[in-house]
Amino acid sequence: EAAVTQSPRSKVAVTGGKVTLSCHQTNNHDYMYWYRQDTGHGLRLIHYSYVADSTEKGDIPDGYKASRPSQENFSLILELASLSQTAVYFCASSDWGQDAETLYFGSGTRLTVL
Amino acid sequence: QQQVRQSPQSLTVWEGETTILNCSYEDSTFDYFPWYRQFPGKSPALLIAISLVSNKKEDGRFTIFFNKREKKLSLHITDSQPGDSATYFCAASRNSAGNKLTFGIGTRVLVRP
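Residues numbered from 1 in each chain as written. Chains lettered and ligands numbered in written order. Predicted model: local features only at pLDDT ≥ 70, side-chain atom pairs only at ≥ 80, totals over all residues. Heavy atoms only, no water.

(A) Quick look at the interface of chain B and chain A. Taken together, the contact between chain B and chain A spans 19 residues of the former and 25 residues of the latter. A buried area of about 1700 Å², summed over both sides, lies between chain B and chain A, and 53% of it is on carbon and sulfur atoms. Inspection of the region where chain B meets chain A yields zero salt bridges. Between the two partners, chain B and chain A, sit four residue pairs in polar contact (both at pLDDT 80 or more). Looking at the side of chain B that touches chain A, the elements with two or more residues in it are strand S4 (32–38) and strand S10 (102–103) of chain B. Looking at which element gives the most residues to the side of chain B that touches chain A, the answer is S4(B), with three residues. (Contact = heavy atoms within 4.5 Å. Buried area = accessible area lost by both parts, 1.4 Å probe. Salt bridge = Lys/Arg side-chain N within 4 Å of Asp/Glu carboxyl O. Polar contact = N/O pair within 3.5 Å; in protein donor to acceptor, adjacent residues only side chain to side chain. Helix = DSSP H or I, 4+ residues; strand = E, 2+ residues; numbered from the N terminus.)

Now the structure itself:
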């Protein structure tokens, strides 16, 4: 069964601090994504990656960086955390191809910036 | 600006009724439309999906109706059950852009017994 593991499950950070959210998948999927979820906005794409050592900007990349050091791992980095970045963050992975569009989500990381 | 719009934002139905969720989009290059379901405190998971080649997709009690001309979709849940209480997200993607999904804001459904 598809498995996407996120860590930590929750985190409290201070404004201006650095935050790193980690994601590990054992699906052997090429595609990985970071989404944030806020009430009233649904799920919005921050960064994604098609292959190791390469990342792409999603719809709301400002204030975030991403790193894909291997096929299995994808990190989201907040260099200077801000109050507006309080949200639930989901990592997801998917296979490649016409009939492989399903996204498999991790269990999420609840980030609170104070 | 929402590229994928959903309505209503929330609704309550009685057990046994048919729940109807609406979705519309602007971008005519979208060609794949999945619906994801998220239970409270859980992560989203694929429920059912349709592509441009189809007008209707059924999976048990769940049916997608697709009006391509008007760029509108609807998800019908027949014989709604309390266990269907969740948030439902409509999403869209372009095959040419890989699997990058754009989600709507979701519809929160409560099914009362």
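(B) Looking closely at the state of the cysteines. Residues and elements named next belong to chain A. Tallying each qualifying case throughout the model produces two disulfides over all chains. Here cysteine 23 connects covalently by a disulfide to cysteine 91, the sulfurs 1.9 Å from one another. Taking the torsion about the sulfur-sulfur bond, which here is approximately -80 degrees, the covalent link between cysteine 23 and cysteine 91 counts as left-handed. Of the two residues, cysteine 23 is situated in strand S3 (residues 19–25) and cysteine 91 in strand S9 (residues 87–94); the sequence distance between them amounts to 68 residues. A relative accessible area of 2% means that cysteine 23 is categorised as buried. (Disulfide = S-S within 2.5 Å. Buried < 20%, exposed > 50% of the residue type's maximum accessible area, 1.4 Å probe, protein only.)

(C) Up close: the pairing of strand S1 (residues 4–7) of chain B. Residue and element names in this part refer to chain B. Going residue by residue along S1, you find Val4 and Gln6 tucked away on one face and Arg5 and Ser7 left uncovered on the opposite face. One ladder, built from four bridges, connects S1 with strand S3 (residues 19–25); its direction is antiparallel. Residue serine 7 lies in a different strand from S3, and its bridge partner there is asparagine 22. (Pairing = 2+ DSSP bridges.)

(D) Spotlight on the side chain of B:Ser93. All names here are of chain B. Along the chain, the position of serine 93 falls in the loop between strand S9 (86–92) and S10. By relative accessible area, serine 93 is classed as buried at 2%. Leave out the neighbours within four places in its chain, and serine 93 touches Phe30, Asp31, Tyr32, Lys100 and Leu101.

(E) Looking closely at the sheet that holds strand S8 (residues 72–77) of chain B. All names here are of chain B. Taken in spatial order, the five strands line up as S1-S3-S8-S7-S6 in an open sheet, and their pairing is antiparallel. This sheet does not close on itself; its edge strands, each paired only once, are S1 and strand S6 (56–59). Ignoring which end each strand starts from, the neighbouring axes of this sheet average 15 degrees apart. Relative to S8, S3 runs antiparallel, the two being bridged by six bridges. (Axes fitted to C-alpha atoms, helices over the stretch in contact; angles between N-to-C directions.)

(F) View of the nonpolar core. Counting residues in each nonpolar core, the largest one holds 24 residues, and the members touching the most others are B:Phe33, B:Trp35, B:Leu73, B:Leu75 and B:Tyr88. Those elements that place two or more of their residues in this core are strand S2 (10–14), S3, S4, strand S5 (45–51), strand S7 (62–67), S8, S9 and strand S11 (107–112) of chain B. The dominant element in this core, judged by the number of residues it contributes, is S9(B), at four residues. Counting residues in hydrophobic clusters, the runner-up holds 19 residues, among them A:Phe74, A:Leu78, A:Ala87 and A:Cys91. (Core = buried A, V, L, I, M, F, W, Y, C linked by side-chain atoms within 4.5 Å.)

(G) Structural context of the packing of aromatic side chains. All told, the structure shown has 18 aromatic pairs over all chains when counted by the stated rule. When the centroid spacing of 6.4 Å and the interplanar angle of 35 degrees are considered together, the rings of A:Trp34 and A:Phe74 count as tilted. Of the two residues, A:Trp34 sits in strand S4 (residues 31–38) while A:Phe74 sits in strand S8 (residues 73–78), which places them 40 residues apart along the sequence. No difference in accessibility class separates A:Trp34 from A:Phe74, as the two residues are buried. Taken together, the ring pairs connect A:Tyr31, A:Tyr33, A:Tyr35, A:Tyr48, A:Tyr50, A:Phe90, A:Phe105, B:Tyr36, B:Phe89 and B:Phe103 into an aromatic cluster. (Phe/Tyr/Trp six-rings, centres within 6.5 Å; stacked < 30°, edge-to-face > 60°.)

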